[in-house]
Amino acid sequence: MKSQNKLFWAIIIALVLGVALGAVVHFYQPETADSFSKNIKLLGVIFIRAVQMIIAPLVFTTLVVGIARMSDMSMIGRVGGKAMLWFITASVVSLFIGLILVNWMEPGKVMNLSIEDTSGAGELISHTKSFSLEDFVNHVVPKSVFEALAVNEVLQIVVFSVMFGIALASLGQHYSKPVVEFLDICAQAILKMVGYIMWLAPMGVFGSVAAIVATKGFEIFTVYAVYLRDFFFGLLVLWLVLMLAGYIILGNRLFSLLRHIKEPLLIAFSTTSSEAVFPKLVEELEKFGCNKQIVSFILPLGYSFNLDGSMMYMTFASIFIAQIYGIEMSIGQQIVMLLVLMLTSKGIAGVPRASLVIIVATCSMFGIPPEGIALILPIDHFCDMGRSMTNVLGNALATTAVSKWEGELAEEVA
């Protein structure tokens, strides 16, 4: 948590320095703005390429391990099935809310950047076109898993990982356990790398913001204000939908549940960590009357498969970056993007800053400059506060809903 705070302040300092340097160039040496921008934004390219470097192995290892270990769900069959039904439905709803609102409010239209403004974009970006059925099949079905891993074809990696994970689970623990443990160790090592790479973020922010301010002036702050306003409006809509579902299932006990989890919600909001409130959330849900066995089963699953705030953010941020670069995406492309985010997010949803890694991968796949993520990094901490709080609410509702469906929701403990 302390390191996260240090990273946040490092990004804020980088933002201030980037704005100051960009402003000096913009107002006092405008004739050098283009060449300055071209060179300084290479710092952002280094950060983005470092993130892209670990996408394929991270998605593969975490997804295979997660699916292979889901064989444990057979012990609780009915409860697990109901939990997954809630998780999948909530994820789809969250993704669609982000998709609909970002298309309606168009926060990225406040400022337009050209693809040529993005250094290094040539090798990452192809011109935009509508998705045909042939394109879809080519993106989904890998002809070589090694080729998919080499070029970061995320959906192809997901297809292979899902099949491989299911095959491992079907072998039984005697055969699958050594492979799963090895991949889990690899996943943990790669997650450590994610932490290291995120410390390149201040450098990326400094370069990207300095480049934008040098060429566009202070227009970037209008973008930040609009982006935060629209995103938190989206979270408000998602909260209303989640609480409506909660009220339909729990009735007036929904308000009692909110009183029980108010402290975990506030902690998640202030620390930007839904994991930090896990023990307290378990305690409060048991006091509310949820079955202890159901709580111990649903919550850990929920922390990997049911992060509603993060789901909404991924579609919102991905389409926002497309808008800011003036890239028009067809409905077909956006639906495919939603499918990609739905699948890939289930592998690494519990990873700190996982949503940023997934957004970079998705942008690369759909011809959107992934360097755009550096533009929203300075305000990602504030978005993360809302995301974390929403994730806690979603998991509390999922646990209580399954307890109610199972007839295991007792009266709350005084």
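Residues numbered from 1 in each chain as written. Predicted model: local features only at pLDDT ≥ 70, side-chain atom pairs only at ≥ 80, totals over all residues. Heavy atoms only, no water.

Per an unreviewed UniProt entry, the protein is named Na+/H+-dicarboxylate symporter, and its organism is Cruoricaptor ignavus. Per its UniProt entry, the protein bears the Subcellular location (unreviewed entry) comment "Cell membrane". (UniProt positions renumbered as here; feature names shortened; annotations may be inferred.)

Visitor: Break down the pattern of salt bridges for me, with residues and values.
Guide: This model, assessed by the stated rule, comprises nine salt bridges. A salt bridge links Lys287 to Glu283; the shortest N-O distance between them is 3.2 Å. Of this pair, Lys287 and Glu283 both sit in helix α13 (residues 278-288), four residues apart, which is roughly one turn of the helix. Note on Glu283: relative accessible area 34%, which makes it partly exposed. Between Asp384 and Arg387 there is a salt bridge, with the nearest N and O atoms lying 3.1 Å from each other. With Asp384 and Arg387 both in helix α18 (residues 373-405), this residue pair falls three residues apart, about one helical turn. With relative accessibility at 13%, the residue Asp384 sits in the buried group. (Salt bridge = Lys/Arg side-chain N within 4 Å of Asp/Glu carboxyl O. Helix = DSSP H or I, 4+ residues; strand = E, 2+ residues; numbered from the N terminus. Buried < 20%, exposed > 50% of the residue type's maximum accessible area, 1.4 Å probe, protein only.)

Visitor: Account for the packing of aromatic side chains, with residues named and values stated.
Guide: Scanning the entire structure with this criterion turns up 14 aromatic pairs. Put simply, the rings of Tyr227, Phe231, Phe232, Tyr313, Phe316 and Phe320 pair up and form one aromatic cluster. Over the aromatic face of Phe288 sits the side chain of Arg253, whose NZ or CZ is 4.3 Å from the ring centroid. Looking at Arg387, its charged tip hangs above the ring of Tyr313, at a distance of 4.1 Å from the centre. (Phe/Tyr/Trp six-rings, centres within 6.5 Å; stacked < 30°, edge-to-face > 60°. Lys NZ or Arg CZ within 6 Å of the ring centre and 35° of its normal.)

Visitor: Outline a nonpolar patch on the surface, listing residues and values.
Guide: Residues Ile88, Val92, Phe96, Ile100, Ile331 and Ile335 make up a contiguous nonpolar surface patch of roughly 520 Å² in combined accessible area. Looking at the nonpolar patch, the elements that each hand over two or more residues are α4 (77-105) and α16 (331-348). Top contributing element to the nonpolar patch by residue count: α4, with four residues. Note that Phe96 resides in helix α4. Given a relative accessible area of 33%, Phe96 falls into the partly exposed group. (Patch = residues over 30% accessible without salt bridge, like charges linked within 9 Å, V, L, I, M, F, W, Y side chains within 5 Å. Areas by Shrake-Rupley, 256 points an atom, 1.4 Å probe, with all protein chains shown as cover.)

Visitor: Please set out the packing of helix α3 (residues 42-69) against helix α8 (residues 173-198) residue by residue, giving values where relevant.
Guide: Helix-helix packing is characterised by the crossing angle of the two axes and by the distance between the axes. Closest axis-to-axis distance for the α3/α8 pair is 9 Å, and the angle between their directions is 150 degrees. Taken together, the axes of α3 and α8 lie roughly antiparallel to each other. The two elements α3 and α8 cross, and the hand of that crossing is left-handed. Class assignment of the residues belonging to the contact of α3 with α8 gives a composition of 21 nonpolar, two polar and two charged. (Axes fitted to C-alpha atoms, helices over the stretch in contact; angles between N-to-C directions. Parallel < 35°, antiparallel > 145°, perpendicular 65-115°, else oblique. Left-handed = near helix turned anticlockwise from the far one by under 90°. Nonpolar A, V, L, I, M, F, W, Y, C, P; charged D, E, K, R; others polar.)

Visitor: Tell me about the UniProt feature "transmembrane region" (unreviewed entry) in the protein, and name the residues and values.
Guide: The UniProt record annotates "transmembrane region" (unreviewed entry) at residues 46-71, 83-104, 154-172, 193-214, 226-250, 319-344 and 356-379. Along residues 83-104 one finds 100% helix and 0% strand; the C-alpha atoms at either end are 31 Å apart.

Visitor: So what's going on with the packing of helix α11 (residues 253-260) against α18? Which residues, and what values?
Guide: Contact pair α11 / α18: the axes reach a minimum separation of 11 Å and the direction vectors enclose 130 degrees. One finds that α11 runs oblique with respect to α18. Crossing hand, α11 versus α18: right-handed. Listed contacts from α18 to Leu254, Leu257 and Leu258 of α11 are Leu393, Ala396, Leu397 and Thr400. Here the contact of α11 with α18 is built from residues that sort into six nonpolar, one polar and no charged. (Contact = heavy atoms within 4.5 Å.)

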